[in-house]
Amino acid sequence: MSSIIQLLPDHVANQIAAGEVVQRPASVVKELLENAVDAKATDIKLIIKDAGKSLVQVIDNGLGMSVTDARLCFERHATSKIRQAEDLFSLHTKGFRGEALASIAAIAHVEMKTRQDQEELGHHIVIEGSKFVSQELAVLPKGTSFAIKNLFFNIPARRNFLKSDVVEHRHIVDEFQRVALAHPNIYFTFYHNGSELFNLPPSNSRQRIVNIFSGKTNEKLVPVQEITEIVSIQGFVSKPEFAKKSRGEQFFFVNNRYIKSGYLHHAIMAAYEGLLKDGCQPSYFLYLDVPPHTIDINIHPTKTEIKFDDEHALYAILRSSIKHSLGQFNVAPVLDFDRDANLDTPYEYKNKDASFPTIQVDGNYNPFAEEKPSKPSFSSSSYSTSSDNFRSRRTENASWESLYVGLKTDTEEAIVENTEIHFESEEVTASLFDDSEVEKVVNKTYQIHKKYIVNPIKSGMVIVDQQRAHQRVLYEQFLTNMTIHQAASQQLLFPLNLFFSKNELELISELKVALANTGFVFEAEAEDHIVISGIPVNVTESEVSIVLEQLLGDLQDGIPENSFSQNDSIAKSMAKSLAVKTGTYLTEKEQENLVNGLFACKDPNVSPFQKPTFITMRVEDLDKKFSI
């Protein structure tokens, strides 16, 4: 039997390995930005076109490369970061595998320009699909520029799996924000299709967060700081009242490297226990410094997962430090029964000298005087001796009560008279029809466990899920308003200013026409907020931010291209956020209106999310339950 195992050609192996590193244009952005940071750059520019499908370019003013390094950097497992396997446990750089540039060069057209500071001329190299096309000397500024064009040109199947430009652009912005937040001392700029999205000058961590997520973020942040032998924690968490339904502002950085950790996220949620509404997520920007030998980074292709030596201790320290910060800044109540509140001294009085109290003496006061001044009264005498004091007080009281003697009698008489008044009975005594002609309605709704509504029918009873039923009613109302009728809008006396990140503002601007059809009226749009002057009739002012946050969370994976799918997505999201929730008490009238509204819908059987809204139980079914 002949041998069947053979070595793959280099270009095939490179394309397969590239799938581990380069999954979408955002992966290229991440690798190139991290290389620029490792090159000790102080100014980094990111330029993309068509959400990275046509061009991803990163320009830095770092160390640059020599002619040998410029050619060698595109070979697989060629790196300047480590020399031996033990170096993996003492890493101080972003990259260490030497796979990124080789993987990118295998599936794209790469153009690299680089020059070292001490060299007069730089090197211009062009590579297409791992093949060197040209290499020549050129006059270049200090640093390195990578231009990645036509990503996945030789793997059309991978290119077809890419999402829409909106989704790919959002992933690129996420990667850019992660690197920019980890290095606030570096100047970052970001351009998309010729327009500037971010301009982030060097600053501290707090200012970098504010520059990325709008100026309103500053008042949300609570500083966190804790230094122990195991870990040093610095950063910020948000106040509980600013928590959002959607996730997107949760950042962990370990040794200036962005990571994802569900275990550490649970520690933060435990610190917020009892402070958040159901389903809300707090924002946090936490920088953890740990000894390099206590973590293992080389466990995931994207290096976003890390193994810690002592996760349990890290969990406890993180949870307690956040609880301490929330209590220290009076965000969360602190109960300490051993502390005496009288001993608390304000900081501004700490170094002040104690002042002696001033004493005021009334020189005219004589406790042994026989005559004492008294208050003026309605009696004939203003003063009396000590033996007549009691008599004068009684005289004063009598005079005081005498003013109201007549009123008191009148009031008592009025009470007596009111007891004899007969009110008209609330029951209707007259009727347009005889009692024999009117058939009394016995169908009455009942609410069970504040979740289900039971309505009797001729054949048995209908059990309705109140939340799903209300979702169906609202969904059809919104969809009708957006597609057929122009929705009514209620004008606000004071316009609402809602602050969002730049990504969220872009999504809202694309949905503005569809939202206007539901009843929203947008008055103005600024760099970090929008102004709303009108809202739909069935939406309260306090629910506007909840509705928009839910909508942005539901459309994170992209906005449907055709208008019907877009309207359908918006109607579903608004119905989900505005529908009455399980556990809400409904009056008998509300129950009746909900049931009637459900069965007036075109498709009352299922909710907008294809879940049953009601079930029917016949009398025969109940009889079978009781049969032996």
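Computed from a prediction, not measured in an experiment: that's the story for all the values here.

Caption draft 1: Highlighting the sheet that holds strand β20 (residues 521–525). Taken together, the three strands give an open sheet; going across it, the order is β19-β21-β20, and neighbouring strands pair in antiparallel fashion. The outermost strands of the open sheet, each flanked by one partner alone, are β19 (489–499) and β20. On average, adjacent strands in this sheet sit at an angle of 20° to one another, irrespective of strand direction. Looking at chain direction, β20 and strand β21 (residues 529–536) are connected through four bridges and run antiparallel. The residue of β21 that forms the bridge with Val521 is Gly534.

Caption draft 2: Here's a closer look at the pattern of salt bridges. A complete count under the given rule lists 12 salt bridges for this structure. Here Lys53 ties to Asp165 by a salt bridge, and the two come within 3.0 Å at their closest N and O atoms. Placement of the pair is Lys53 in the loop between β1 (43–49) and β2 (55–60) and Asp165 in helix α6 (residues 165–182), with a sequence separation of 112 residues. Residue Lys53 is classed as buried on the basis of its relative accessible area, which comes to 18%. Relative accessible area serves as the criterion here: at 38%, Asp165 is assigned to the partly exposed category. Note that Lys244 is salt-bridged to Glu249, the shortest N-O span being 3.5 Å. Accessibility classification places Lys244 together with Glu249 in one group, the buried group.

Caption draft 3: Broad picture of empty space enclosed by the protein. In the structure shown here, the tally under the stated rule is two cavities of 30 Å³ or more. The computed volume of the second largest cavity comes to approximately 50 Å³. Lining the second largest cavity, in full, are Phe213, Ser214, Lys216, Thr217, Lys220, Lys244, Glu249, Phe499, Phe500, Ser501 and Glu504. Looking at the lining of the second largest cavity residue by residue, the class counts come to three nonpolar, three polar and five charged.

Caption draft 4: Seen up close, unusual backbone geometry. Backbone geometry at Asn256 places phi at a positive 65°, although glycine is not the residue there. The residue Asn256 is located in the loop between β11 (250–254) and β12 (257–259) in this model. Residue Asn256 is classed as partly exposed on the basis of its relative accessible area, which comes to 34%. Here the phi dihedral of Lys450 falls at roughly 55°; this positive angle occurs in a residue that is not glycine.

Caption draft 5: Structural detail: a nonpolar patch on the surface. Where nonpolar side chains cluster on the molecular surface, the patch consists of Leu121, Leu137 and Val139 and spans about 320 Å² of accessible area. Mapping Leu121 onto the fold places it in the loop between β3 (109–115) and β4 (122–128).

Caption draft 6: Representation of helix α2 (residues 25–38) within the structure. Between the first and last C-alpha of α2 there are 20 Å, a value that for 14 residues agrees with the 20 Å anticipated at 1.5 Å per step. Remark: Lys40 follows α2 within two positions and exhibits a positive phi of approximately 60°.

Caption draft 7: Examining the pairing of β11 more closely. Across the five residues of β11, five count as buried, placing the element largely inside the fold. Along β11, one buried face is formed by Gln250, Phe252 and Val254 and the opposite face, lined by Phe251 and Phe253, is buried too. Here five bridges tie β11 to strand β13 (residues 284–289), and the two strands are oriented parallel to one another. Paired with Phe252 across the two strands is Leu286, which belongs to β13. Note: β11 against β12, three bridges, orientation antiparallel. Paired with Phe252 across the strands is Ile259, a residue of β12. Remark: two residues form the turn of the hairpin made by β11 and β12, two consecutive strands paired antiparallel; Asn255 in that turn has positive phi of roughly 50°.

Caption draft 8: Up close: helix α13 (residues 502–510). Among the residues of α13, Asn503, Glu504, Leu505, Leu507 and Ile508 are the ones counted as buried. Contacts made by the buried residues of α13 are with α6, α14 (512–518), β20, β21 and α15 (544–554).

Caption draft 9: Up close: the environment of Val56. Positionally, Val56 belongs in strand β2. With residues up to four places along the chain from it excluded, the contact list for Val56 reads Val28, Val29, Leu32, Leu46, Ile47, Ile48, Phe146, Ala147 and Ile148.

Reading the values: rules and limits
Residues numbered from 1 in each chain as written. Predicted model: local features only at pLDDT ≥ 70, side-chain atom pairs only at ≥ 80, totals over all residues. Heavy atoms only, no water. Pairing = 2+ DSSP bridges. Helix = DSSP H or I, 4+ residues; strand = E, 2+ residues; numbered from the N terminus. Axes fitted to C-alpha atoms, helices over the stretch in contact; angles between N-to-C directions. Salt bridge = Lys/Arg side-chain N within 4 Å of Asp/Glu carboxyl O. Buried < 20%, exposed > 50% of the residue type's maximum accessible area, 1.4 Å probe, protein only. 1 Å grid on protein atoms, 1.4 Å probe; cavity = no way out; pocket = protein on both sides within 12 Å on 5 of 7 lines; lining within 4 Å. Points joined across faces, edges and corners; volume = space filled by probe spheres on them. Nonpolar A, V, L, I, M, F, W, Y, C, P; charged D, E, K, R; others polar. Patch = residues over 30% accessible without salt bridge, like charges linked within 9 Å, V, L, I, M, F, W, Y side chains within 5 Å. Areas by Shrake-Rupley, 256 points an atom, 1.4 Å probe, with all protein chains shown as cover. Expected span 1.5 Å × (residues − 1). Contact = heavy atoms within 4.5 Å.

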